[in-house]
Amino acid sequence: MSSYRIERIRELLKREIGSVIRREFPVEELGLVSVNDVEVSGDLRHATVYVSILGTAEQQKKSVRRLQEQRWRIQDLVARSVVLKYIPVLRFVVDDSIARGNRVIQILEELERGQEAPPSESNP
């Protein structure tokens, strides 16, 4: 199967799953859930959905649990709007890469600020 087709399917699923989550799950209850990426198996039967969850620690735990509990409903809603021979079985995984990336940027900025102090010049 061409990688171009799989890439198009990944993007389509990412958009539709994100849309279903925004419609079906209120932000007040679960926090802001964002679909970062979708990995699809070669046979299109399984998909791993990487999500970021902005909210309190309690909202994050509740969101992951709720997404796993409601994955069949999410699959059904996606199947109604996406025309594929097989709708992949979804598996939700929390993607903390954005938080880790922000932390790396913060550390780099702190290092830059520490190096901005002018070095002491000593004349022999």
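This structure is a prediction, so every number in the text was calculated from the model and none was measured.

Thoughts on the confidence of the model for the chain
On average, residues of the chain carry a pLDDT of 83, and 91% of them reach 70 or more. Ranking the helices and strands of the chain by mean pLDDT puts helix α4 (residues 71-81) first, with 91, and helix α2 (residues 27-30) last, with 76.

Describing the environment of V49
Of note, V49 is situated in strand β2 (residues 46-54). On the basis of relative accessibility, which here comes to 0%, the residue V49 falls in the buried class. Apart from residues lying up to four places away in sequence, V49 is in contact with I17, V35, D37, V38, L90, R91, F92 and V93.

Description of the pattern of salt bridges
Scanning all chains against the criterion turns up four salt bridges. For D37, the salt bridge identified is with R10, shortest N-O distance 2.7 Å. Of this pair, D37 sits in strand β1 (residues 32-40) while R10 sits in helix α1 (residues 3-24), and the two are 27 residues apart along the sequence. Its relative accessible area of 25% is what places D37 among the partly exposed residues. Here E24 makes a salt bridge to R73, at a shortest N to O gap of 2.8 Å. With E24 in helix α1 and R73 in helix α4, this pair connects stretches of sequence that are 49 residues apart. On the accessibility criterion, R73 (41% relative accessible area) is partly exposed.

Re the pairing of β2
For β2, the tally of buried residues reaches seven of nine residues, placing the bulk of the element in the interior. The loop that links β1 with its antiparallel partner β2 comprises five residues; one of these, L44, has a positive phi angle of about 65°. Inspection of the sheet shows β2 paired to strand β3 (residues 89-94) by six bridges, in the parallel sense. Across the sheet, residue V49 finds its bridge partner in β3, namely F92.

With respect to the nonpolar core
Ranked by internal contacts, the top residues of the largest apolar core, which has 23 residues, are I17, I74 and F92. At the level of secondary structure, the elements contributing two or more residues to this core comprise α1, β1, β2, α4 and β3. Those residues within four positions of F92 in sequence are excluded, and the remaining contacts are I17, I21, V49, V51, L67, Q68, R71 and I74.

Cut-offs and rules
- Sequence order as written defines residue numbering, which begins from 1 separately in each chain.
- Totals for whole chains, interfaces and linings use all residues, but because this is a predicted model, local features are given only for residues with pLDDT of at least 70 and pairs of side-chain atoms are given and counted only at 80 or more.
- Side-chain metrics rest on all non-hydrogen atoms present in the structure, leaving aside hydrogens and water.
- pLDDT expresses how confident the predictor is about each individual residue, on a scale running from 0 to 100.
- A run of H or I in DSSP becomes a helix once it reaches four residues, and a run of E becomes a strand once it reaches two; helices and strands are each numbered from the N terminus.
- Classification of residues uses two cut-offs on accessible area relative to the type maximum, computed with a 1.4 Å probe and protein chains only: under 20% is buried, over 50% is exposed, and between them is partly exposed.
- Every residue pair with non-hydrogen atoms within 4.5 Å of one another is taken to be in contact.
- Think of a salt bridge as a Lys or Arg side-chain nitrogen and an Asp or Glu carboxyl oxygen that are within 4 Å of each other.
- Strands are treated as partners if at least two bridges between them are detected by DSSP.
- By convention a nonpolar core is built from buried Ala, Val, Leu, Ile, Met, Phe, Trp, Tyr and Cys residues, the set being connected through side-chain atoms within 4.5 Å.

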